[in-house]
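# Observations on the model geometry
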Amino acid sequence: MALLSANSTAAANNSDTRMAGCLLIGIPGLEHLHVWLSIPFCTMYVAALAGNGILICVILSQPRLHEPMYIFLSMLASTDVLLSTSTMPKALANFWLGSSHISFDGCLTQMFFIHFLSVADSAVLLAMAFDRYVAVCSPLQYATILTSVVIGKIVAATLTRSFIIMVPSIFLLKRLHYCRINIIAHTFCEHMGIAQLSCSDISFNVWYGLAAALLSTGLDIILIAVSYIHILRAVFHLPSRDARSKALSTCSSHVCVILLFYIPALFSVFTYRFGGKRLPRYVHILLANLYVVIPPMLNPIVYGVRTKQILEGAKQMFSSLAKKSK
């Protein structure tokens, strides 16, 4: 019997459980509240889709908004929609229908797009900071610096960097051996959540994930901070009080968006790293879900309320649609 048990254990350890797929159990400890939790998450997701969709349509339909600042804003809105869509439909299906199963390749695909879009979001915020830096510090050269060619290169660099950073994580996860039941205590698949399912040594995955975060989001935060230090120095050297208030007003919306993106992300990271034993697991999962849905929901509101051109463009778009319907 002992020999049979040992052989069974060895067979289990040698088997690969990737073919069985993964189980996303949702928010551990709050399974009895899944249906109720789905209501605010669904509301925020629909609001994010509607708000960003309207914002993109306004920018596309109004020729006067075809400027670098608004082009970058439409990029941010697009990545926000894709980021929330890569997580929320599966999470809501889990909450409502108990649809927790996902294939291993499907899990890797979801993981790739979540991290790819997060890195792209951060890069777009950096591009927007550069746009504000040029607008405030070199206003006379604004049109010659931020040409359509330069904007195209920024878009290409954003996508290329996100792709290069995230592609290795797929191969790092595929090289691991999986011999346990693949249960992920989360609503979506992410890099370390998948790696922790493995029976192999995942230390390289841990270091790569940390390096990728530091070289993408961490570097972006530093460059954004440097940009705004130069912006503030330039603003406070302006001779006119009206000019200072106008310059600060043009940057305030972007600052709000930066705070909405990075504060939940950094809070989630630091509580996960340093407060893991103090905070229940479900707090981390809730923070991760709020991170992918709250900034996309609030960004259009921030820009719609604080940016006169977008507000006027929305009014014109809806008035023209009303006239066409008549």
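The structure presented is a predicted model; accordingly, all values stated were derived computationally and were not measured.

### Side note on the packing of aromatic side chains
- The full count for this structure, using the stated rule, is seven aromatic pairs.
- Centroid distance F112 to F163: 6.1 Å. Interplanar angle 85°. Geometry classified as edge-to-face. Residue F112 is found in helix 5 (residues 104–137), and its partner F163 is found in helix 7 (residues 148–174); the two are separated by 51 residues along the sequence.
- Put simply, the rings of F112, F113, F116 and F163 pair up and form one aromatic cluster.

### A look at the packing of helix 3 (residues 68–85) against helix 12 (residues 294–306)
- Running from N to C, helix 3 and helix 12 point in directions that differ by 155°, and their axes come no closer than 9 Å. Here helix 12 runs roughly antiparallel to helix 3, going by the angle between their axes. Crossing hand, helix 3 versus helix 12: left-handed. Residues M69, L73, L76 and D80 of helix 3 touch helix 12, and the partners they reach there are P295, P296, N299 and Y303.
- When its residues are assigned to classes, the contact of helix 3 with helix 12 shows six nonpolar, one polar and one charged.

### Things to note about the pattern of salt bridges
- What the rule picks out here adds up to four salt bridges.
- One salt bridge in this structure joins D220 and R161, with 2.7 Å as the shortest N-O distance. With D220 in helix 9 (residues 203–236) and R161 in helix 7, this pair connects stretches of sequence that are 59 residues apart.
- Judged by its relative accessible area of 22%, R161 is partly exposed.

### A closer look at the UniProt feature "transmembrane region" (unreviewed entry) in the chain
- Under the UniProt annotation, the feature "transmembrane region" (unreviewed entry) is placed at residues 33–58, 70–88, 108–130, 142–167, 206–226, 247–270 and 282–305.
- Regarding residues 70–88, the helix share stands at 89% and the strand share at 0%, and the terminal C-alpha atoms are separated by 26 Å.
- Secondary structure content for residues 206–226 is 100% helix and 0% strand, and the end C-alpha separation is 29 Å.

### Remarks on the nonpolar core
- Within the largest apolar cluster, 86 residues are counted, with the highest numbers of intra-cluster contacts made by L125 and I194.
- With 17 residues, the top contributor of residues to this core is helix 5.
- Contact partners of I194, with chain neighbours within four places excluded, come to F104, C107, L108, M111, L173, Y178, I184 and C189.

### Let's talk about the packing of helix 3 against helix 7
- With their axes 11 Å apart at the nearest point, helix 3 and helix 7 run at an angle of 20° to one another. For the element pair helix 3 / helix 7, the angle class is roughly parallel. Considering only the axes of helix 3 and helix 7, their crossing is right-handed. Two secondary-structure elements touch here, helix 3 through P68, I71, F72 and M75 and helix 7 through I151, I154 and V155.
- Of the residues assigned to the contact of helix 3 with helix 7, the class counts are seven nonpolar, no polar and no charged.

### Description of the sheet that holds strand 3 (residues 183–184)
- Judged by pairing direction, the sheet is mixed, and its three strands sit side by side in the order 2-1-3 without closing on themselves. The open sheet has two free edges, formed respectively by strand 2 (101–102) and strand 3, since each of these has just one partner strand.
- Sheet analysis places strand 1 (residues 22–24) next to strand 3, joined by two bridges and oriented parallel. The residue bridging L24 from the neighbouring strand is I184, located in strand 3.

The rules behind the values
Residue indices follow the written sequence of each chain, beginning from 1 at its first position. With pLDDT at 70 or above as the cut-off, local features in this predicted model cover only qualifying residues; side-chain atom pairs require 80 or more to be listed or tallied, and sums for whole chains, interfaces and linings still use all residues. Note that the side-chain values use all heavy atoms of the structure and ignore hydrogens as well as water. Centres within 6.5 Å are what make two rings of Phe, Tyr or Trp a pair, Trp counting through its six-membered ring; a difference in plane orientation under 30 degrees is then read as stacked, over 60 as edge-to-face, and the rest as tilted. Helix and strand assignments come from DSSP, with helices taken as H or I runs of at least 4 residues and strands as E runs of at least 2, each series counted from the N terminus. Whenever a helix is involved, its axis is fitted only over the stretch in contact; in every case the axis is a line through C-alpha atoms, and angles between N-to-C directions fall within 0 to 180 degrees. Put simply, angles under 35 degrees are roughly parallel, angles over 145 are roughly antiparallel, angles from 65 to 115 are roughly perpendicular, and the rest are oblique. A clockwise turn of the near helix away from the far one marks a right-handed crossing, whereas an anticlockwise turn of less than a right angle marks a left-handed crossing. A contact between two residues is defined here by any heavy atoms of the two lying within 4.5 Å. All residues other than Ala, Val, Leu, Ile, Met, Phe, Trp, Tyr, Cys, Pro, Asp, Glu, Lys and Arg, Gly among them, are scored as polar; the first ten of these are nonpolar and the last four charged. Any carboxyl oxygen of Asp or Glu that lies within 4 Å of a side-chain nitrogen of Lys or Arg is treated as forming a salt bridge with it. Using a 1.4 Å probe on the protein chains alone, a residue whose accessible area is under 20% of its type maximum counts as buried, one over 50% counts as exposed, and one in between counts as partly exposed. UniProt positions are given in the numbering used here, feature names are shortened, and annotations may be inferred rather than shown by experiment. Each nonpolar core is a collection of buried residues, namely Ala, Val, Leu, Ile, Met, Phe, Trp, Tyr and Cys, held together in the definition by side-chain atoms within 4.5 Å. Strand pairing follows a simple DSSP-based rule, namely that at least 2 bridges must link the two strands.

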